[in-house]
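Here's the letter readout for the chains.
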Amino acid sequence: MVIKHHFPLKEHNTFGISAFAKAYTAPASVQELKEALGYYHDQDIFLLGGGSNMLLINDVQQPVIHVLLKGIEVTKSIENHIYVKVMAGENWHDFVLYCIEKNFAGIENLSLIPGNVGTSPIQNIGAYGVELQDSFDSCNVIDIKTLEEKTLSLADCKFGYRDSIFKNEAAGKYVITSVTFKLTNLNKTDDYQLKTGYGDLKEELNRLGGDPSIQKVSQAVIHIRSSKLPDPKILGNSGSFFKNPVIKRTVYEDLLRMHPAMPSYQVDEEHVKVPAGWLIDQSGFKGKRYGDAGVHDKQALVLVNHGKATGKEILEVAHKVQNAVYDRYGIKIDTEVNLIDH
């Protein structure tokens, strides 16, 4: 096991924040991962994946274990379904493209989401009407304290909107080593319902023309995301910084009288989801810049690092946004990005 000290993390977080790890190691196999976990058994550790859903507010004093396990394997085929096991260190979008190439359907709407496969269940990533839980079969984990390996089912993971057991009662308990997906094998069947109802996606597919397919859905999503979301390699960001708030329908109807243009999406009979990007835009923050920290000029849901912003400066902008939205609408918007302050 190779341990590096005062290791720079700027290239390992999509915000491009200049921060350092007091100690850093990068296991490339399950055995190496267990060795690292065992070595630090009496310490709190920081698990690093693709670095895409976090904001480093300070240097990381905990030992950093960068999970780089690689590999994609078809484990079984049952009727029209294919089961694909993906190691935690695989890039999420690369895996989506692998499925598109193989004609495996189910995650095409999740194209171009940054990060690695191993962190995708934590957030229950989602986009354009699809969530990870829709195609999730199981995941393999290691108990950080006991080093016991176990498999968690869909039910075990308790998925919710951008939520899972890994953010709640199992926070800090497990490290995910692989995820298995249950996908539709379009080489065997055409009995598959594309999810194309999301507004922007429907419009983009109409623009592309022709019969919809998983390839075209992926292409459309990539185009939409590329047009709205900055490339982290060019402009530091972590995608959507805030969750879309879910509020009571009665509260929404009251707000609608004062703000007739306020959009919403039905969650259930009693609740609706309001786009946080709209709330932030209407509060006057789109394109606002405070030094090198700011709000993206094309998508108000995205906070950005224009070059040399610190994590604390990005967080200050987030607080300005949250306070303004609450003052204007009485709606609390929570962060989707994990705030790392160790």
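Just so it is clear, the model here is predicted, and its values are computed rather than measured.

Each value, and the rule that gives it
Residues numbered from 1 in each chain as written. Predicted model: local features only at pLDDT ≥ 70, side-chain atom pairs only at ≥ 80, totals over all residues. Heavy atoms only, no water. Helix = DSSP H or I, 4+ residues; strand = E, 2+ residues; numbered from the N terminus. Rg over C-alpha atoms; globule rule 2.2 N^0.38 Å. Buried < 20%, exposed > 50% of the residue type's maximum accessible area, 1.4 Å probe, protein only. Contact = heavy atoms within 4.5 Å. Areas by Shrake-Rupley, 256 points an atom, 1.4 Å probe, with all protein chains shown as cover. Lys, Arg positive; Asp, Glu negative; His and termini not counted. Charge placed at Lys NZ, Arg CZ, Asp CG, Glu CD. Pairing = 2+ DSSP bridges.

Below, the discussion takes up the overall build of the chain. What the chain contains, in helices and strands, is nine helices and 21 strands. Against the compact-globule benchmark of 20 Å for 342 residues, the chain has a radius of gyration of 20 Å, which places it among compact chains. Principal-axis analysis of the C-alpha atoms gives the chain an extent of 60 × 50 × 35 Å. In the chain, buried positions account for 49% of the 342 residues. Counting contacts in the chain only where the partners sit at least 6 residues apart, residues at least 24 apart contribute 61% of the total. If you sum the accessible surface of the chain, you get close to 16300 Å²; carbon and sulfur atoms cover 47% of it. Averaging the locations of the 37 positively and 42 negatively charged side chains of the chain gives two centres separated by 3 Å.

As a further point, take the pairing of strand 2 (residues 20-25). Strand direction decides the pairing type here: strand 1 (residues 4-8) and strand 2, joined by four bridges, are antiparallel. Following the sheet pairing, His 5 is matched in strand 2 by Ala 23. Of the strand pairs in this sheet, strand 2 and strand 5 (residues 60-66) are connected by four bridges, and their pairing is parallel. Bridge pairing links Ala 23 to Pro 63 in strand 5.

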